[in-house]
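Reading the structure
Chain by chain, the residues run as shown.
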Amino acid sequence: MHKVIMPKLGMAQSWCLVEKLHIKEGDEVKKGDVILEVSTDKVSYEIEAKENGYILKILKKENEEVPVGEILAFIGEKNELGSIVVHPENVKEKTSKNNISSEDNKKIISKRDLSKIKISVLAKKLAEINDLDISEIEGTGKEGRISKEDVESHLEKQKTTIGPASEINAKNIKIHSSEPLSSIRRTIAEKMTYSKQNIPHISQTTKADITELSNLKNKLAEKIENLSFTDFFIKATALALRENLELNSFLSDDKHIIFEDINIGLVTVIPGGIIIPVIKNCDKKPIIEIIKERKKSIKKAQDNKLDLEDISGGTFTISNLGMYKIRSFTAIIHPDQSSILAIGSIYINPEFINNSIQARKVVELNLSEDHRIIDGATGAKFLMKITELIENPDLLKIDAE
């Protein structure tokens, strides 16, 4: 008998949506057949049968959100049809002791024999009055004995977390709307929380004069359709990374993994959130190819047609808010990378050029790095190189391409 398990499609992702079932109970399937589709982060993923057999039992239905690791269905021999009885322990794959989450651990503690918890009579009475679970209260006495002071301290922490002001606000302030986070918003929340909690960010900002690049763009726009400043920034970033590969990396199990391939992810706004399609090997591709892939990726993202391959394999990310008139901002690092470049709007600024003040077009670049493996000087070298490339567009060899 074979279990079909909900896969984990991202480092910080803990659930998926059952998007479409291609099978029903009793159906015969062959190894490699697509049996259902799941999605997260606006990306669809096809789950295939890993062996020949029959669909013995389907545990989940379409449009149901399912935690990673839970069993979706059973595949087995024809004579096993009707033999599956679903017990709670069948719903999720067993987890080793070394892989128990903090939430699972909390549940285990809360279910232990409360009679074994040492607590004073006054403390127990106070906990009962306030409807507290004594397994959640930290005892500071001998052998973890809970005192009245421990209960009072626990109550104070709850007040700090919940806060009386929030209760007053809920009663006195009109609420425009209140609804659960959408699937994509929840994924974004999980990834951003993971990144900020686990990656110590360092941020640096520089300013680049793009007057010459702007002139080149206007010239090339006559023969290259859909040319954007973003295409130049992608190319310049890739070339700068080639000389500063330390930033084209991530930290894994106390190892600084540096990638040889330079695959640039581009933060893209879609209804309800953002997604990051990836353009592979940007340092080796001509600007024409980068334009085609950028346009194709954005279109697929907006049409909700990106697949797992389209968003996988990124080694560095660019976030460009220039179109929203944001001059400078700090972006959050993608969980499985070490750096992200935030690009602001292009604006006119007085600059001292050749002993005179001139009106020049400039852009601000902000680099966020994982300070565990990237030092400020390393990030500064990268910013110096990308600024050099942007300010001297002939170094990008655009015309030769």
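Up top is the structure these notes are about.
Throughout, residues of each chain are indexed from 1 in the direction in which the sequence is written. pLDDT decides what is reported in this predicted model: residues at 70 or higher carry local features, side-chain atom pairs at 80 or more are listed and counted, and totals for whole chains, interfaces and linings draw on all residues regardless. The side-chain figures draw on all heavy atoms in the structure; neither hydrogens nor water molecules are used.

Here we come to the overall build of the protein chain. Helix numbering and strand numbering both begin at the N terminus, where a helix is a DSSP run of H or I of at least 4 residues and a strand a DSSP run of E of at least 2. Helix and strand counts for the protein chain stand at 11 helices and 19 strands. Looking at the protein chain as a whole, 42% of its 401 residues qualify as buried. We call two residues in contact when some of their heavy atoms are within 4.5 Å. When contacts within the protein chain are restricted to residue pairs at least 6 apart in sequence, long-range pairs at least 24 apart make up 62% of them. The method behind every accessible area is Shrake-Rupley, applied with a 1.4 Å probe, and residues are considered shielded solely by the protein chains displayed. With an accessible surface of roughly 23000 Å², the protein chain has 50% of that area assigned to carbon and sulfur atoms. A 1.4 Å probe rolled over the protein chains alone gives each residue an accessible area, and that area as a share of the maximum for its type sets the label: buried under 20%, exposed over 50%, partly exposed in between.

Bringing the pairing of strand β8 (residues 71-76) into the picture now. Across the 6 residues that make up β8, a large majority, 6, are buried. Two strands qualify as a pair provided that DSSP identifies no fewer than 2 bridges between them. Looking at chain direction, strand β1 (residues 2-5) and β8 are connected through 4 bridges and run antiparallel. Along β8, the bridge assignment pairs K3 with F74.

Let us now look at the nonpolar core. The nonpolar side chains of soluble globular proteins are, as a tendency, buried together. The criterion is simple. A nonpolar core is a set of buried Ala, Val, Leu, Ile, Met, Phe, Trp, Tyr and Cys residues joined through side-chain atoms within 4.5 Å. Judged by nonpolar contacts, the single largest core of 41 residues is most densely connected at F232, L341, F382, I386 and I390. Taken together, the elements giving at least two residues each to this core come down to α7 (211-220), α8 (229-242), β12 (264-266), α9 (287-302), β16 (316-320), β17 (339-343), β19 (356-370) and α11 (376-391). Considering each element in turn, this core owes the most residues, 8 residues, to α8. If we skip the residues at most four places from it in the chain, I390 touches A208, D209, I210, L213, F233, A236 and L365. If you look at the next biggest cluster of nonpolar residues, it comprises 17 residues, including V4, C16, I23 and I75.

Another aspect to go through is the side chain of K285. Among the secondary structure elements, K285 is positioned in the loop between β15 (278-279) and α9. Each polar contact in these results corresponds to two N or O atoms within 3.5 Å; when the atoms are within protein, one needs to be able to donate a hydrogen and the other to accept it, and residues that are neighboring in sequence are counted only if both atoms are side-chain atoms. Of the polar contacts made by the side chain of K285, one reaches the backbone oxygen of K280; its length is 2.9 Å.

The next subject is the packing of aromatic side chains. Aromatic pairs are defined between Phe, Tyr and Trp rings, using the six-membered ring for Trp, whenever the two ring centres lie within 6.5 Å; interplanar angles under 30 degrees are classed as stacked, those over 60 as edge-to-face, and all others as tilted. Using the criterion set out here, one finds 3 aromatic pairs in the structure. Relative to F233, the ring of F229 lies with its centre 6.4 Å away and its plane at 25°, an arrangement referred to as stacked. Pair noted here: F229 and F233 are both in helix α8, with a separation of 4 residues, about one helical turn. Taking the relative accessible area as the measure of exposure, F229 reaches 18% and is therefore buried. Aromatic side chains F316 and F382 sit 5.6 Å apart centroid to centroid with 45° between the ring planes, which places their arrangement in the tilted category. With F316 in strand β16 and F382 in helix α11, this residue pair connects regions lying 66 residues apart in the sequence. For F382, a relative accessible area of 0% translates into the label buried.

The strands making up a sheet associate through hydrogen bonds between their backbones, and the pairing can be parallel or antiparallel. Sheet architecture is open: 4 strands sit in the order β5-β4-β2-β7, paired in antiparallel fashion. Looking along the sheet, the strands with just one partner apiece sit at the ends: β5 (43-48) and β7 (65-67). Neighbouring strand axes in the sheet, compared pairwise and without regard to direction, differ in orientation by 40° on average. In the sheet, strand β4 (residues 34-40) pairs with β5 via 6 bridges, with the strands oriented antiparallel. The residue bridging V34 from the neighbouring strand is E48, located in β5. As a rule, the C-alpha atoms of each element are fitted with a line to give its axis, helices using only the stretch in contact, and angles between N-to-C directions run from 0 to 180 degrees.

Let us now look at the environment of K3. Tracing the backbone shows K3 in strand β1. Sequence separation between K3 and I71 is 68 residues, and the spatial gap between their C-alpha atoms is 6.4 Å.

This brings us to a nonpolar patch on the surface. Without a salt bridge and with relative accessible area above 30%, a residue can belong to a patch; like charges are then joined within 9 Å and nonpolar side chains (Val, Leu, Ile, Met, Phe, Trp, Tyr) within 5 Å. Salt bridges are defined by distance alone: a side-chain nitrogen of Lys or Arg within 4 Å of a carboxyl oxygen of Asp or Glu. Nonpolar side chains collect at one region of the surface, where V269, I274, M323, Y324 and I326 lie side by side and expose about 450 Å² of accessible area between them. For V269, the position within the fold is in strand β13 (residues 268-270).

With the rule as written, the count across this model stands at 19 salt bridges. Its salt-bridge partner being K60, residue E64 comes within 4.0 Å of it at the nearest N-O pair. With its nearest N and O atoms 2.8 Å apart, the salt bridge here joins R360 to D209. A residue pair is termed long-range when its members are at least 10 positions apart, and R360 in strand β19 and D209 in strand β9 (residues 201-209) qualify at 151 residues. R360 sits in the buried class, given a relative accessible area of 14%. Exposure remark for D209: the relative accessible area of 13% places this residue in the buried category. Through salt bridges that share partners, K60, K61, E64 and E70 make up one connected network.

For the rest of this paragraph, the subject is the environment of E246. Of note, E246 is situated in the loop between α8 and β10 (249-252). Between the C-alpha atom of E246 and that of S339, which follows or precedes it by 93 residues, the distance is 9.7 Å. Other than its neighbours up to four places away in sequence, E246 contacts H256, I258, S338, I374 and T378.

Let us look at the sheet that holds β1. An order of β1-β8-β6-β3 is seen for the 4 strands of this open sheet, with the pairing classed as antiparallel. Looking at the sheet topology across the chains shown, the edges are occupied by β1 and β3 (28-29).

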